[in-house]
Amino acid sequence: MPSITFVHPDGRPQRIDARDGESAMQAATRHDVGGILAECGGNAMCATCHVYVDEGWLARLPAMGGDEDALLDGAAAERRANSRLSCQIKLATDLDGLVLNLPDRQL
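Worth saying up front: this structure is predicted, and the values here are computed from it rather than measured.

Conventions we followed
- Residues numbered from 1 in each chain as written.
- Predicted model: local features only at pLDDT ≥ 70, side-chain atom pairs only at ≥ 80, totals over all residues.
- Heavy atoms only, no water.
- Salt bridge = Lys/Arg side-chain N within 4 Å of Asp/Glu carboxyl O.
- Disulfide = S-S within 2.5 Å.
- Buried < 20%, exposed > 50% of the residue type's maximum accessible area, 1.4 Å probe, protein only.
- Helix = DSSP H or I, 4+ residues; strand = E, 2+ residues; numbered from the N terminus.
- Contact = heavy atoms within 4.5 Å.

A.B. asks: Mind laying out the pattern of salt bridges, listing which residues take part and the relevant values?
C.D. replies: In total, this model carries eight salt bridges according to the counting rule given. Through salt bridges with shared partners, a single network forms among Asp69, Asp73 and Arg79.

The structure is reproduced here in structure tokens:
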């Protein structure tokens, strides 16, 4: 079972356990992580699950798809080189310990 640490804008870490195969967004909403709104339910249509992937983990994730890339251009918070949609990060044991930083706003 992989674990994820979400770092809130105030620097507070929140570690949660995830299930293999679920998205980081699904795990976050299941554990009531504030800052992940997930308005579209994980269908890659809204960018309200925007996160900043810790630099040490970025290369371990699959490449970003075109839809995700386009949605991040319209995200409420600043887009950065390490921006991803958490609904597009599928979890497995090789991502155990993943660190995702939450932006200061999603809307």
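A.B. asks: How would you explain the state of the cysteines if you had to name every residue and give the values?
C.D. replies: Applying the stated criterion to the full structure yields zero disulfides. Here Cys40 stays free of any disulfide, with the sulfur of Cys46 as its closest cysteine sulfur at 3.6 Å. Cys40 sits in the buried class, given a relative accessible area of 19%. Here Cys87 is not disulfide-linked; the sulfur of Cys49 is the nearest cysteine sulfur, at 3.8 Å.

A.B. asks: Go over the environment of Val53, please, and point to the residues and values.
C.D. replies: Here Val53 lies in strand S3 (residues 50–53). On a C-alpha basis, the gap between Val53 and Pro103 in space is 11 Å, while along the polypeptide they are 50 residues apart. Residue contacts for Val53: discarding those within four places in its chain leaves Leu58, Leu61, Asn82, Arg84, Ile89, Leu98, Val99 and Leu100.

Geometric values such as these leave the question of function open.
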